[in-house]
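# Structural characterization, general
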Amino acid sequence: NAGVTQTPKFQVLKTGQSMTLQCAQDMNHEYMSWYRQDPGMGLRLIHYSVGAGITDQGEVPNGYNVSRSTTEDFPLRLLSAAPSQTSVYFCASSPGPAKNGYTFGSGTRLTVV
Amino acid sequence: GDSVTQMEGPVTLSEEAFLTINCTYTATGYPSLFWYVQYPGEGLQLLLKATKADDKGSNKGFEATYRKETTSFHLEKGSVQVSDSAVYFCALTMGSGGSNYKLTFGKGTLLTVNP
């Protein structure tokens, strides 16, 4: 099993550009989430999904969109990149968070200049 | 809302020293508790978990016991190695009902083990 696969691993964007961070899992997990990690702030939830076709906002959703058309894929879209979105982004999936926690991808390091 | 507080680092130890990283939580119900580890340049890996009071999670020589009376889940290891150098995160999620889709994390504790 590949687990949770994130692409790209690194990205540099100019302010105002848009892009999509890809996330795919091959474990048939219903729950998927996007977190951002910033120094001194731990991980904060951006958006999450409890199944195909169902998404909702987390703590810091502004400037990001998601969709979940299949169980496997959960892309994160930056609509108009801002320097404040410079961060490391992690995608995670779970068959049931309370019993199993989440399995994390290796992350995408994004820099907005 | 739910929250996790863990001891601030950095923590620096010599090899074979005893490790404790404190973690306490605030939650309205009965959460599941986790410790994650992040090695440099990598994603988070689940280290251990406990899903009900008095459960002890253990893995790779690390242990943590879910203490409902003190709302704590302290991470311990009897003899650390250089390879244990990493950032450690305590986290919780709620069970049935409530915010059972999300992990709430502490801010992380950087551990450095010197030879």
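Preceding this paragraph is the structure being described.
Right, let's walk through the structure included here.

### With respect to the layout of surface pockets
When its volume is computed, the largest pocket comes out at roughly 900 Å³. Residue lining of the largest pocket: 41 residues in total, with Q37(A), D38(A), Q38(B), F89(B) and K107(B) positioned closest to the centre. For the lining of the largest pocket, the residue count by class is 17 nonpolar, 15 polar and 9 charged.

### Thoughts on the environment of Y101(B)
Looking at the element boundaries, Y101(B) is found in the loop between β10 (86-93) and β11 (104-105). If we ignore the near neighbours within four places in the chain, the residues touching Y101(B) are Y31(A), S33(A), L45(A), Y48(A), V50(A), P97(A), Y102(A) and T93(B).

### Topic: unusual backbone geometry
Note that the residue after T7(A), namely P8(A), is joined by a cis bond; omega there is -5 degrees. The step from G9(B) to P10(B) runs through a cis peptide bond, and the omega angle for that step is -5 degrees. Phi at N28(A) is positive, roughly 60 degrees, even though this residue is not glycine. Within the secondary structure layout, N28(A) lies in the loop between β3 (19-25) and β4 (31-37). Taking relative accessible area as the criterion, N28(A) reaches 56% and is therefore assigned exposed. Phi angles above zero are rare outside glycine, and K60(B) is one such case at about 55 degrees. Within the element layout of this structure, K60(B) appears in the loop between β7 (56-59) and β8 (62-65).

### What to know about the sheet that holds strand β7 (residues 64-66) of chain A
Pairing between the strands of a sheet is mediated by backbone hydrogen bonds and can be parallel or antiparallel. All names here are of chain A. The strand order β1-β3-β8-β7 describes an open sheet built from 4 strands, whose pairing is antiparallel. Each edge of the open sheet is held by one strand with a lone partner, namely β1 (4-7) and β7. Direction aside, the axes of adjacent strands within the sheet are offset by 20 degrees on average. Pairing between β3 and strand β8 (residues 76-78): 3 bridges, direction antiparallel. Its bridge partner lying in β8, M19 is registered against L78.

### A short note on the side chain of H29(A)
Residues and elements named next belong to chain A. Along the polypeptide, H29 turns up in the loop between β3 and β4. Here S94 takes part through its backbone nitrogen, which lies 3.3 Å from a polar atom of the side chain of H29. Setting aside residues no more than four positions away along its own chain, H29 makes contact with R68, T71, S93, S94, P95 and T103.

### Some points on the interface of chain A and chain B
Tallying the contact residues gives 22 residues for chain A and 21 residues for chain B. Across the chain A to chain B interface the summed buried area is about 1600 Å²; carbon plus sulfur atoms make up 58%. Summed over the shared surface of chain A and chain B, the number is 1 salt bridge. E59(A) serves as the salt-bridge partner of K102(B), at 3.7 Å between the closest nitrogen and oxygen. Remark: the boundary between chain A and chain B carries 6 residue pairs in polar contact (both at pLDDT 80 or more). Those elements that provide at least two residues to the side of chain A that touches chain B are β4, β5 (43-51) and α1 (97-100) of chain A. Split into classes, the residues belonging to the side of chain A that touches chain B amount to 12 nonpolar, 8 polar and 2 charged.

About the criteria used
Residues numbered from 1 in each chain as written. Chains lettered and ligands numbered in written order. Predicted model: local features only at pLDDT ≥ 70, side-chain atom pairs only at ≥ 80, totals over all residues. Heavy atoms only, no water. 1 Å grid on protein atoms, 1.4 Å probe; cavity = no way out; pocket = protein on both sides within 12 Å on 5 of 7 lines; lining within 4 Å. Points joined across faces, edges and corners; volume = space filled by probe spheres on them. Nonpolar A, V, L, I, M, F, W, Y, C, P; charged D, E, K, R; others polar. Helix = DSSP H or I, 4+ residues; strand = E, 2+ residues; numbered from the N terminus. Contact = heavy atoms within 4.5 Å. Buried < 20%, exposed > 50% of the residue type's maximum accessible area, 1.4 Å probe, protein only. Pairing = 2+ DSSP bridges. Axes fitted to C-alpha atoms, helices over the stretch in contact; angles between N-to-C directions. Polar contact = N/O pair within 3.5 Å; in protein donor to acceptor, adjacent residues only side chain to side chain. Buried area = accessible area lost by both parts, 1.4 Å probe. Salt bridge = Lys/Arg side-chain N within 4 Å of Asp/Glu carboxyl O.

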